[in-house]
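Tertiary structure, described
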Amino acid sequence: MRKLALQDEILMQVEKPARYIGNEVNAVMKNKEEIAIRFAMCFPDVYEIGMSHLGIQILYDMLNGFEDVWCERVYSPWVDLDQIMRKEKIPLFALESQDPIKNFDFLGITIQYEMCYTNILQILDLSGIPLMAKDRTEADPIVIGGGPCTYNPEPFCDFFDLIYIGEGETRYRELLDLYLSCKNGNKSRKSFLEAAAMIPGIYVPSLYEVTYKEDGTIAERIPLVPGIPAVIAKEMVREISQSCYPKKPVVPFIKVTQDRVVLEIQRGCIRGCRFCQAGQLYRPVRERDLEMLEQYAVEMLDNTGHEEISLSSLSSSDYSKLPELLDFLIEKCNEKRINISLPSLRIDAFSLDVMNKVQDVKKSSLTFAPEAGSQRLRNVINKGLTKEVILEGAKMAFEGGWTRVKLYFMLGLPFETSEDIREIGELCNEIAALFYDTVPKEKRTSRIQIVASTSFFVPKPFTPFQWAPQNTKEDFLEKAYQTKQSIISQLNQKSIKYNWHEADASVMEGIFARGDRRLNQVILRAYQKSCMYDAWSEYYHNDVWLKTFEECGVDPDFYTIRQREETEIFPWDFIDCGVTRQFLLREWHRAQQAVVTPNCRMACQGCGAGRYQTGVCLERKGQEQ
Amino acid sequence: MKVRIKFSKYGPMKFIGHLDVMRYFQKAIRRAGIDIAYSEGFSPHQIMSFAAPLSVGYTSEGEYFDIELRTPMEEEELQKRLQGAMVEGIDILKVQNLPESEGNAMASVQAASYLAGFRSLSFLPEDWEDRLLAFYNTPTIPVNKKTKRGEKEIDLKESIYRFEIREITEKCALLEAAAGHKGIYMLLNASSGGNIKPSFVMETFLAAIGVTLPEYGLVIHRVETCKASETGEIGDWKALI
């Protein structure tokens, strides 16, 4: 029997011990004597969050498909166990073998959101790996980062030996082979890193130096080793239907956020909303073949025993074979009593019909994401959704018996005025009024419930809004207040509930998102003052962060509210994300004029992703909306 | 067709709570391709009923649940398939088709037997065995038991059907933490109205002989879950299958 890393007494006193024991259905066990490379794959947040992440499941499956590699999982120990491990000096371990991470060849960390940066340090620290890459020795694992935040890796680049830019499916074998040949040839860590810098998509932060101008912006990036690339181009899967995808995903014992089969139907998005980073990073949109999806859906359900399947994509309604796929799934799932969950669907006659079929009688709430209250501001952000479309969808839904509507908005978008904010309340009111007009009194089963939520806009690298100043905390709170005022002044205000996010964390997210190398010391210091789990509001200490910035002599405003010149060299400009800077700048100008840009299916905008010669870029344009 | 399934729980699986064990079996039954019956109604669920929940941290070789099959299946075939869908730490020990007249697993439960061992004997007095047995031999053991509606006084003695000192041998591999020591074997009321936790018995007894148990000092293993016999004699009580 496997021996657990933690003693019974410890497992009995922590919350949810199942987070730390591994042993789940479909977890991969291998004989370590027959393995050349031990790889620990980490999501730096608690188990239930990390286990819900598709990317890790894909890479776990791919790496374990290599005979000479054993990939295991590791997540952030929750704060209760964290304390015990520090006190008892228990090294962080991988779930499968329960062996210390420190003895692995690689530690891969996926970085999905800015507020997990201190958790990266927690993982390294508990593992007994030096926090700074420069302090590591031959005995330490190679620490490699990946995921969307690595499109601006500079704020945390000092903690990583390597950073993989782009989709993970393409270059790992090459990287691992290089590692093996260096290991067998007794080459040093440094010479491995230098050689790795030549692999496309691999960024080695320590091999570059950055100099700054007097105003604090970047003057120059200098490669320190001759021959290494000045620009790192993202890696991308060209044949998405032929790429690896897990047929046997790990099934957790405890309920996790995504407790279902997740079927990624396509990668990327045709829409080009100007605030959305994923919409730019994953260009061009690539659909998986219908046959592949049908086969995987069946096998994944059989292999996991899950009672629900969810279609995953940035905008499911844009998948061109969606009706066929849903017909297939509905038939299969009815037979096996499996629920289908359909996030990110546009509300229209088709989707309402589908929801009727898959959800029977229980009517969940409908979700619209207008993102902005007024049509003018929706044009600024290039969100195609019009009021007419929302009202039409809502009307059909009310006729079909739905009574709950969720609406998502952003506050602090570029070029926003108080008029735009006022229209948030008006739109909510109009939807409520529409319910009373549509559904006659005798047919109303309950009052209409509208929940409006606002988040605060954070400009992200590689979006047209990367030049935009972010709002201050005070601006944010004032705008939330205005939204509240707008809503309570409406006739149907009793049917509308309003939620808004916290402003402090949004400001901090903005600092990290467009930060540079000078933030490494701030993050390190904040961690040393025990900042951790910043994404969890109960553990986020804004005052500690602000004080740390001050002590480090780093001005947070430089990263957020500053107006950036169009010619400024950004910290992330050494990455080629597939979309050109000229395209993003063109979109930034069009935003200023509130001009909508057609989506990729309507007309090619020459964003730069056409060079990959795949996905939507190969389709004929102009037939579809 | 009603089927009763007996399973064991040990190793890392002892940290999986009752609700998660239920979820685990719901998924396992799908993986095993067993044609289970579903309830009627808006959100149909598998017809499955567990005998007696096991506390987190306990191991067991006497766990039970009943399922209703839509298509009958040979007992051996069902056991083989379900075992094939298990992880290390849960084994399917026995499968038995039930006559329609059989009551459901939970309602049938009368008692459960346990082995309780100590992680270390160092905090116990030399004569702990005699003192525990002497306490057990007092005519009544009044205690306050927490119930859903508050506390009530009961005679614990009435709910303890057997209480013996036993050697925990290597054979009890599931209790490895206490192997080699002497422990306590007990048969306790486990009916839905009068369930008594073995940890409660141990705490009460040890307190009575003046011993404070260190935290997590006990290891507990459920040996069997029993149903009452027609004779009503404790000696006739049998395993659920």
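Residues numbered from 1 in each chain as written. Chains lettered and ligands numbered in written order. Predicted model: local features only at pLDDT ≥ 70, side-chain atom pairs only at ≥ 80, totals over all residues. Heavy atoms only, no water.

1. Section: the nonpolar core
Counting 207 residues, the largest nonpolar core has Leu107(A), Phe192(A), Phe25(B) and Leu82(B) as the members making the most contacts within it. Counting residues per element, this core draws most heavily on helix α14 (residues 418–438) of chain A, at eight residues. Every residue in contact with Leu107(A), bar those within four places of it in the chain, is listed here: Ala40(A), Cys42(A), Val74(A), Ile101(A), Ile123(A), Leu124(A), Ile129(A), Pro141(A), Ile142(A), Val143(A) and Ile144(A). The next biggest cluster of nonpolar side chains, apart from the first, holds 37 residues, and it includes Val109(B), Leu124(B), Met186(B) and Val211(B). (Core = buried A, V, L, I, M, F, W, Y, C linked by side-chain atoms within 4.5 Å. Buried < 20%, exposed > 50% of the residue type's maximum accessible area, 1.4 Å probe, protein only. Helix = DSSP H or I, 4+ residues; strand = E, 2+ residues; numbered from the N terminus. Contact = heavy atoms within 4.5 Å.)

2. Some points on the side chain of Gln98(A)
All names here are of chain A. Here Gln98 is to be found in the loop between α4 (79–88) and β3 (106–110). At 2.6 Å, the side chain of Gln98 and the backbone nitrogen of Ala5 are in polar contact. A polar contact of 3.1 Å, which involves the side chain of Gln98, links it to the backbone oxygen of Leu95. Not counting chain neighbours up to four residues away, the residues in contact with Gln98 comprise Arg2, Lys3, Leu4, Ala5, Leu6, Tyr20, Ile21, Gly22, Glu72 and Phe93. (Polar contact = N/O pair within 3.5 Å; in protein donor to acceptor, adjacent residues only side chain to side chain.)

3. Topic: the confidence of the model for chain B
Scored by pLDDT, chain B has a mean of 91; 96% of the residues are at 70 or more. Across the whole predicted complex the pTM is 0.96, and at the interface the ipTM reaches 0.94. (pLDDT = per-residue confidence, 0-100.)

4. Section: the interface of chain B and chain A
The interface of chain B with chain A comprises 27 residues on the first partner and 32 residues on the second. Note on chain B versus chain A: buried area summed over both sides is about 2700 Å², and carbon and sulfur give 60% of it. At the surface where chain B touches chain A, the tally comes to seven salt bridges. Residue Lys27(B) is joined to Asp259(A) by a salt bridge in which the shortest nitrogen-to-oxygen separation is 3.7 Å. (Buried area = accessible area lost by both parts, 1.4 Å probe. Salt bridge = Lys/Arg side-chain N within 4 Å of Asp/Glu carboxyl O.)

5. A short note on the sheet that holds strand β18 (residues 496–500) of chain A
Residue and element names in this part refer to chain A. The strand order across the open sheet formed by four strands is β15-β16-β17-β18, and the pairing between neighbours is parallel. Edge strands, defined here as strands with exactly one partner in the open sheet, are β15 (366–371) and β18. Each strand of the sheet is rotated relative to its neighbour by a mean of 20°, with strand direction disregarded. Judged from the eight bridges that link them, strand β16 (residues 404–411) and strand β17 (residues 449–456) form a sheet pairing that is parallel. Across the sheet, Lys406 pairs through a bridge with Val451, a residue of β17. Contacting β15 and β16, helix α13 (residues 387–399) runs over the sheet at an angle of about 170° to β15. (Pairing = 2+ DSSP bridges. Axes fitted to C-alpha atoms, helices over the stretch in contact; angles between N-to-C directions.)

6. A few points about the pattern of salt bridges
Residue and element names in this part refer to chain A. Under the criterion given, the structure shown has 70 salt bridges over all chains. One salt bridge in this structure joins Arg86 and Asp125, with 3.4 Å as the shortest N-O distance. With a gap of 39 residues between them, Arg86 in helix α4 and Asp125 in helix α5 (residues 117–127) connect regions that are remote in the sequence. Given a relative accessible area of 33%, Asp125 falls into the partly exposed group. Its salt-bridge partner being Glu264, residue Arg267 comes within 2.9 Å of it at the nearest N-O pair.

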